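# Breakdown of the fold
Each chain is listed here by its residues.
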Amino acid sequence: MPVIVALTLAVLALALAWALWCAVSAARGQAPTVRHRYGLLVLEALALVQALVLGIGLVVQGGRSGGAVVEIVGYLIATLVVLPIGAALAHGERTRYGSIVLAVAGVTLAVLSLRTGQVWSVTRA
Amino acid sequence: MPEGAQGERSINAGPGRVLLVVYIVFAISAGARAAFQIATQFSVAPEAFLLSAFAAAVYLVAAVALARRARGVALVAVVIELVGVLAIGTISLLRPADFPEPTVWSEFGIGYGFVPVVLPVLGLLWLRGKS
């Protein structure tokens, strides 16, 4: 199902772009702004769409081993919690390091999304 | 950034906050991976999976210690982490047969972008300057 892999790659690309934006802000000595946070909200919404689509896909498609389903669900849960964790840690860190924290969370989301797509592909029935 | 009355910023602020987020990410990812592997394929490579679980525990201790500003505990955890990644990284290169399944510290953390070997060094540098 290439649509699923395309979705995970889209999340990966946007997460990387947002992380780069945060990293550039950090390099310029800027703390996270409200616009960075709007970007985070958009990304989180996208991660939620990804989790819903893949979750439904798991149920509809079937044919995967129990272990593969657990692994994919585990990755999806991780994609949903990483940005809130980053936002919580960046909150109150009103320096450039707050921006780096957000960048780390963004890169992590990108990696998790990539791994989700890989596991989805290799465990296809 | 206003400095507190204590002068020096605490170990979980500034760069310490960045270390904290990385330690949390590694505690969760190494822990989830170890739990999954131990639950589904423990007999394949029990030593490797137990080692992953140990590494996850070290990351968790370091993360909690950083968050709670327990410098001493954080220092111990980071030193164990450094020794672990250097030892396992070396052994995994010299005797790959001992590591049929990769762990977070295998080959100095190559599967994780070498972050596992860089992280404890940055952690030591950060904690060293704090009192």
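Residues numbered from 1 in each chain as written. Chains lettered and ligands numbered in written order. Predicted model: local features only at pLDDT ≥ 70, side-chain atom pairs only at ≥ 80, totals over all residues.

Tallying secondary structure elements over chain B gives four helices and zero strands in all. Ordering the α and β elements of chain B from the N terminus gives α-α-α-α. Principal-axis analysis of the C-alpha atoms gives chain B an extent of 55 × 30 × 20 Å. For chain B, contacts bridging at least 24 residues in sequence account for 59% of all contacts bridging at least 6. (Helix = DSSP H or I, 4+ residues; strand = E, 2+ residues; numbered from the N terminus. Contact = placed C-beta atoms within 7 Å.)

Residue and element names in this part refer to chain A. Over its 28 residues, helix H2 (residues 34-61) runs 40 Å from end to end, which matches the ideal 40 Å to within 8%, given 1.5 Å per residue. Buried residues of H2: His36, Gly39, Leu40, Leu43, Ala47, Gln50 and Leu54, and no others. Elements that come into contact with the buried residues of H2 comprise helix H1 (2-27), helix H3 (66-90) and helix H4 (96-122). Where H2 ends, the next residue or the one after it, Gly62, has phi of about 60°, a positive value. (Expected span 1.5 Å × (residues − 1). Buried ≥ 20, exposed ≤ 12 C-beta atoms within 10 Å, placed from the backbone.)

Right, let's get into the packing of H3 of chain A against helix H1 (residues 15-41) of chain B. Contact pair H3 of chain A / H1 of chain B: the axes reach a minimum separation of 11 Å and the direction vectors enclose 165°. Between H3 of chain A and H1 of chain B, the interaxial angle falls into the category roughly antiparallel. Crossing of H3 of chain A over H1 of chain B shows right-handed handedness. Mapping the contact onto sequence places Gly67, Val70, Glu71, Gly74, Ala78, Ile85, Gly86 and Leu89 of chain A in H3 of chain A and Arg17, Leu20, Val21, Ile24, Ile28, Ala32, Phe36 and Thr40 of chain B in H1 of chain B. Considered class by class, the residues forming the contact of H3 of chain A with H1 of chain B number 10 nonpolar, four polar and two charged. (Axes fitted to C-alpha atoms, helices over the stretch in contact; angles between N-to-C directions. Parallel < 35°, antiparallel > 145°, perpendicular 65-115°, else oblique. Left-handed = near helix turned anticlockwise from the far one by under 90°. Nonpolar A, V, L, I, M, F, W, Y, C, P; charged D, E, K, R; others polar.)

Turning next to the interface of chain B and chain A. Every contact between the two is made by 15 residues of chain B and, on the other side, 17 residues of chain A. Classifying every residue of the side of chain B that touches chain A by side-chain character gives 12 nonpolar, two polar and one charged.

This part takes up unusual backbone geometry. Residues and elements named next belong to chain B. In the Ramachandran plot, Glu107 falls in the positive-phi region, its phi being about 50° despite a non-glycine side chain. Turning to its location among the elements, Glu107 is positioned in the loop between helix H3 (71-94) and helix H4 (115-128). The backbone phi angle of Phe108 is positive, close to 60°, even though this residue is not glycine. Mapped onto the elements, Phe108 comes out in the loop between H3 and H4. Classification of Phe108 by C-beta neighbours within 10 Å gives partly exposed; the count is 19.

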